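Geometric and topological summary
The chain contents come next:
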Amino acid sequence: MKIELASWNDGPAKQAIIDFVAAVTAENGEHYVAPDDRLACFDNDGTLWSERPAYFQLLFAIDRVRDMAPDHPEWATTQPFQAVLEEDLEMLAELGESAMVDIVAATHVGMTTEEFAAIVDVWTTSARHPVTGQLFTDMVFQPMLELLRYLRHHGFTTYIVSGGGIEFMRPWSERVYGIPPQQVIGTSIETVYEMREDGPVLVRLAEINHIDDEAGKPVGINRYIGRRPVLAFGNSDGDHEMLQWTASGDGLRFCGLVHHTDAEREYAYDRGAHIGGLDVAWVEALEKGWTVVDMKEDWQRVYAHDQIEN
């Protein structure tokens, strides 16, 4: 079966991908890479699916606050939970990153890994994006889904390397991306083994194990994969170190950035953005010749539910 990049417009970005894959899969070519070394790592938020108006895991955590509020009456007068319950997004923004950490800590821990996975599964099959009304898992970028399939068709193993929670992504990554849970790397929290009456469980603790963002991304790749990727894709400065590390390996390498330029079909942002800011990675991409994908110009459609104009 022929696998194509059907939602990509013809242009330098699409051609760069095709040329790279052709070069590293040509058995007698100077840039040939054996299948075991064809590792491709992708950021998730803003690279494989949208990250606006807020990271989807944060929206999940906010929904969890609302669901859990009846058991926590103190939240009605305690920040940042009060801001969530009153839908005061301005106050939530003022409270900053520490508020987000408090919300995630309160809603993601104190349960078994199986219980958490079940909650995530229900949310991803029912919760709706606040702007489009689509399921969050329908906010996946169709061209990137095609790229994942294209790479796997040519012998690549595809990984997610995200700042998002590893156990938030694993319950649905295979269903949505075709990437099994063992090929998902993300921010993780500590778990402990407990023997209960009905058998052993792993319980989630309120303690960070690994932050898989910025310099933590190459650390996570090395820890969980043990090999340097030959291809990496991101969209923000949080992916900069992963791209640098990929580019510094021997042989032909591919580094790509998704540039959010389409305010009509998705969102337009780069420098100075509070979510998915793209500055230093963009500068280095232009200096080093990394591939920058212009969402507005390079993609015929953004989502599978978009209509393509003839």
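Residues numbered from 1 in each chain as written. Predicted model: local features only at pLDDT ≥ 70, side-chain atom pairs only at ≥ 80, totals over all residues. Heavy atoms only, no water.

We now examine the overall build of the protein chain. Each helix and strand counted, the protein chain has twelve helices and seven strands in total. By the compact-globule yardstick of 19 Å for 310 residues, the protein chain fits well, its C-alpha radius of gyration being 20 Å. In terms of principal-axis extent, the alpha carbons of the protein chain reach across some 65 × 45 × 35 Å. Here the protein chain holds 310 residues, and the buried ones make up 49% of them. (Helix = DSSP H or I, 4+ residues; strand = E, 2+ residues; numbered from the N terminus. Rg over C-alpha atoms; globule rule 2.2 N^0.38 Å. Buried < 20%, exposed > 50% of the residue type's maximum accessible area, 1.4 Å probe, protein only.)

It is worth spelling out the environment of Glu 74 at this point. Looking at the element boundaries, Glu 74 is found in the loop between α2 (56–68) and α3 (81–85). Taking the C-alpha atoms as reference, Glu 74 lies 26 Å from Ala 118; in sequence the two are 44 residues apart.

With their axes 11 Å apart at the nearest point, helix α1 (residues 12–25) and helix α7 (residues 142–153) run at an angle of 15° to one another. With respect to each other, α1 and α7 are oriented roughly parallel. As α1 packs across α7, the resulting crossing turns out to be right-handed. Between α1 and α7, the contacting residues are Ile 17, Ile 18 and Val 21 on the first element and Leu 147, Tyr 150 and Leu 151 on the second. Residues that form the contact of α1 with α7 fall into these classes: six nonpolar, no polar and no charged. (Axes fitted to C-alpha atoms, helices over the stretch in contact; angles between N-to-C directions. Parallel < 35°, antiparallel > 145°, perpendicular 65-115°, else oblique. Left-handed = near helix turned anticlockwise from the far one by under 90°. Contact = heavy atoms within 4.5 Å. Nonpolar A, V, L, I, M, F, W, Y, C, P; charged D, E, K, R; others polar.)

Before going further, it helps to spend a moment on the packing of aromatic side chains. Summed over the entire model, instances satisfying the criterion amount to 17 aromatic pairs. Ring pairs connect the aromatic residues Trp 49, Phe 56, Phe 60, Phe 116, Trp 123, Phe 136, Phe 168, Trp 172 and Tyr 177, which therefore count as one cluster. Stacked on the ring of Phe 116, the Lys or Arg Arg 204 has its end atom at 3.8 Å from the ring centre. (Phe/Tyr/Trp six-rings, centres within 6.5 Å; stacked < 30°, edge-to-face > 60°. Lys NZ or Arg CZ within 6 Å of the ring centre and 35° of its normal.)

Using the criterion set out here, one finds eleven salt bridges in the structure. We note a salt bridge from Lys 288 to Glu 284, for which the minimum N-O separation is 2.9 Å. Taken together, the residues span about one helical turn, with Lys 288 and Glu 284 both in helix α11 (residues 280–288) at a distance of four residues. The structure contains a network of salt bridges with shared partners spanning Asp 43, Lys 217 and Asp 239. (Salt bridge = Lys/Arg side-chain N within 4 Å of Asp/Glu carboxyl O.)

Before going further, it helps to spend a moment on α1. Given a rise of 1.5 Å per residue, 14 residues ought to cover 20 Å, and the 20 Å separating the end C-alpha atoms of α1 matches this to within 8%. Among the residues of α1, Ala 13, Lys 14, Ile 17, Phe 20, Val 21 and Val 24 are the ones counted as buried. Down the axis, α1 shows its buried residues gathered within 130° of arc, on one side only. (Expected span 1.5 Å × (residues − 1). Arc of directions from axis to C-beta.)

Note on placement: Glu 194 falls in strand β3 (residues 184–196). What makes Glu 194 partly exposed here is its relative accessible area of 31%. For the pair Glu 194 and Thr 112, spaced 82 residues apart in sequence, the C-alpha to C-alpha distance is 9.5 Å. With near-sequence residues (within four places) excluded, Glu 194 lies in contact with Gly 199, Pro 200, Val 201 and Val 203.

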